[in-house]
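Now for the letters of each chain:
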Amino acid sequence: MPKLFILEDDPSLNDTLVEFFEDRGFEVDSEYDGFEAESKLYENRYDLLILDVNVPSLDGFSLLKSIREFGVKTPVIFLTARDGLEDVKSGFSAGAEDYIKKPFVLDELLIRVEAILSRYNKNDSVIQIAKNITFNKHVGELIIDGKSFKLSNKESRLLEIFINSNGEILSHEAIFRELWDYDETPSDSSLRTYIKNLRKLLGKDSIESIKKRGYRYIIKE
């Protein structure tokens, strides 16, 4: 079930969008305020974001820039009443995959959503990490024995770091540099929690603790 996040400050349109996509089998979260949306996007994983531009507290362009710097790679569609060329350029420059002007037809938005989800679920986004486990790095999703498990942003980034390490030992410092942004404070306890959560899904032996040295990801055949 694809999981969408919608930021739209018009209560009527927000409700309409949520109901429309839920009726078509999507799981949907929504917010009306940019800062509230930012908090939710740091804490949760989604398959696609639909963001209005003119919203309270933090506009859609600034929100996308913020979450991209945080490492959120989730594809984005902007909704906006702005129709100038510079606004369109700003939307794509911020990192959006699509830009749809208000008013719009809901079925057209659905077509665009499905097209983007199809692109982001192609094989080049998916890594086979065991016979029964695949990892979609773009949406932070593990498929284990046919069941879907969503990872948090940090968990997804950490797993990608481990996969790219080719089985080498990663020091705490190396992980901190990759996993936390310059304006964040790294946390040993948080790192242990992320690793504990990954082990629950991948197996307790999937990530080896090397005393006083760091961690090593065990590559499965």
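Scoring rules and cut-offs
- Residues numbered from 1 in each chain as written.
- Predicted model: local features only at pLDDT ≥ 70, side-chain atom pairs only at ≥ 80, totals over all residues.
- Heavy atoms only, no water.
- Pairing = 2+ DSSP bridges.
- Helix = DSSP H or I, 4+ residues; strand = E, 2+ residues; numbered from the N terminus.
- Axes fitted to C-alpha atoms, helices over the stretch in contact; angles between N-to-C directions.
- Parallel < 35°, antiparallel > 145°, perpendicular 65-115°, else oblique.
- Left-handed = near helix turned anticlockwise from the far one by under 90°.
- Contact = heavy atoms within 4.5 Å.
- Nonpolar A, V, L, I, M, F, W, Y, C, P; charged D, E, K, R; others polar.

**Examining the sheet that holds strand 7 (residues 133–136)**
Link 1 in the chain: Read from one edge of the open sheet, four strands run 6-7-8-9, paired in antiparallel fashion. Because the sheet does not close on itself, it has two edges, and the strands there are strand 6 (126–130) and strand 9 (147–150). Each adjacent strand pair in this sheet contributes to an overall mean axis angle of 25 degrees, direction not counted.
Link 2 in the chain: Examined bridge by bridge, strand 8 (residues 141–144) and strand 9 share four bridges and lie antiparallel to one another. The partner of Glu141 across the bridge, within strand 9, is Lys150.

**Quick look at the packing of helix 1 (residues 11–22) against helix 5 (residues 106–120)**
Link 1 in the chain: Across the interface, helix 1 lies against helix 5 with an axial gap of 11 Å and an inter-helix angle of 60 degrees. Comparing the axis directions of helix 1 and helix 5 gives the class oblique. Considering how the two elements wind past one another, helix 1 and helix 5 form a crossing that is right-handed. The segment helix 1 lies against helix 5, with Thr16, Leu17, Phe20 and Phe21 engaging Leu106, Asp107, Leu109, Leu110 and Val113.
Link 2 in the chain: Considered class by class, the residues forming the contact of helix 1 with helix 5 number seven nonpolar, one polar and one charged.

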